[in-house]
Amino acid sequence: MNMKGNKEKIVLYAPVYLGDFIWFTSALDLIYSYDKNIKVSLIIFEEHKKLISTDKFNIDKIITINKKFFLHKNKFIRYIYKLFWLIDIPKIIKFYNYNLIFFTIPPKIFIKIFSKVYMFKNIISLDSVFQGSKIEKKDYKYFSKIIDTTKFKDSHFIIRFQTLIRSLFPTYNMAIPTLPYTKYLGNEIKSLIGETKQYKVALCTRGSADWKFLNIDFLKEVISQIDDIYDATFFVIGSGDFKFDDTDKLKKLLPNKDIRSVYNKTSLLELTEFMKNMDLLISIDTGVVHIAAAVNTPVISLCGPTLPTHSAPVYHKGVSLYSGRSCSPCDIQINTNNKICNDMKCLRDITADIVLKNVKELLNERI
């Protein structure tokens, strides 16, 4: 299916988590590097709308999904929201005469309604985008094309996204994530940064999933070792409820260190600008590492439940630390039966000494 010169528009379906969405922008970049006149519309989470570089991408239309309701823990609320979504959104897409591409694996009912009720003929997907999530062969009839990703099972997710694009356009180009240019930083964050020591080190202690967090004793040791060598101010960032903000705990454990909280105090655009001001990010493997990489801030990401070969920042100043336990990665277990070990041995294997070794290499490059 060669889309070159085709007057029909395409829709990219990508209501995904932050890190995955940043990877997804590389697929957009690949499309526009091939043909800037291709009309592309997006189905994405509302909160990610501002992360699309409108200066670079000629986006035709953005259809947003409310992430809170779409992923709501209450099944009844989640299903009711998706029901209304299924009634309204396909009508909009049909009206504008789009072809449809699913980057992520949507619920089967989405596929059936799009293909049967709304008569979409071009529904294209990878057979497996995330580990543990596959399209069953009996459902192949709803797709005009399914890309076999067996040979990409050990590849980075960016490669998988771009493989799908290459199935539509005859291009061998590569692309990297692209975020919009911004200099915006709110007064509260400007004031919070204020006067700092020589180095500004961000610590992302928690990710979007409940099981993604760094141990408080580990953080204490990392801060102590860095501050013994470098004159540094530390900024704690993370996602989730404010009760998970570890700043106060760290201040009590390390009363003489300069530790400040930016926990949930920025929008995604502000976070992008904030990361430009940092000399280094040390983080659990989550979306923030990809924001930092996109704005050229050195990154140390700690991987345990996830494989760095699948999800590390595509960035020459990015270091991914991984213990390689036999039980890791455990994201297959998370996707299939929602189980994960409580002691996080894979992360505890990564010591503060290992982190410090990489901190030295990255900060010394910035001197």
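Look up: the structure comes first, before these words.
One structure accompanies this document, and this report is about it.

Cut-offs applied
Residues numbered from 1 in each chain as written. Predicted model: local features only at pLDDT ≥ 70, side-chain atom pairs only at ≥ 80, totals over all residues. Heavy atoms only, no water. Buried < 20%, exposed > 50% of the residue type's maximum accessible area, 1.4 Å probe, protein only. Helix = DSSP H or I, 4+ residues; strand = E, 2+ residues; numbered from the N terminus. Contact = heavy atoms within 4.5 Å. Polar contact = N/O pair within 3.5 Å; in protein donor to acceptor, adjacent residues only side chain to side chain. Axes fitted to C-alpha atoms, helices over the stretch in contact; angles between N-to-C directions. Parallel < 35°, antiparallel > 145°, perpendicular 65-115°, else oblique. Left-handed = near helix turned anticlockwise from the far one by under 90°. Nonpolar A, V, L, I, M, F, W, Y, C, P; charged D, E, K, R; others polar.

### Some details on helix H5 (residues 157-166)
Logical step 1: Burial analysis of H5 places eight of its ten residues in the buried class, the great majority of the element.
Logical step 2: All of the buried residues along H5 are Phe-157, Ile-158, Arg-160, Phe-161, Gln-162, Thr-163, Leu-164 and Ile-165.
Logical step 3: Residues of H5 that are buried in the fold lie against helix H1 (18-34), strand S4 (98-102), strand S5 (123-126), strand S6 (145-147) and helix H11 (308-311).

### A closer look at the side chain of Thr-272
Logical step 1: With respect to the element layout, Thr-272 can be found in helix H9 (residues 268-276).
Logical step 2: Its relative accessible area of 1% is what places Thr-272 among the buried residues.
Logical step 3: At a separation of 2.9 Å, a polar atom in the side chain of Thr-272 contacts the main-chain carbonyl oxygen of Leu-268.
Logical step 4: Excluding its chain neighbours within four sequence positions, the residues that come into contact with Thr-272 are Leu-51, Leu-179, Thr-182, Ile-291 and Val-295.

### Describing the packing of H9 against helix H10 (residues 287-294)
Logical step 1: Two elements in contact, H9 and H10, have axes whose closest approach is 9 Å; the angle formed by their N-to-C orientations is 55°. Taken together, the axes of H9 and H10 lie oblique to each other. Considering only the axes of H9 and H10, their crossing is right-handed. Counted together, Leu-268, Leu-271, Thr-272 and Met-275 of H9 and Val-288, Ile-291 and Ala-292 of H10 form the full contact between these two elements.
Logical step 2: Its residues assigned to classes, the contact of H9 with H10 comprises six nonpolar, one polar and no charged.

### Some remarks on unusual backbone geometry
Logical step 1: Positive phi is not limited to glycine here, since Asn-264 has a value of about 60°.
Logical step 2: Assignment of secondary structure puts Asn-264 in the loop between strand S9 (258-261) and H9.
Logical step 3: One non-glycine residue, Asn-296, lies in positive phi territory at about 75°.
Logical step 4: Of the residues examined, Asn-296 reaches a relative accessible area of 40% and is grouped as partly exposed.

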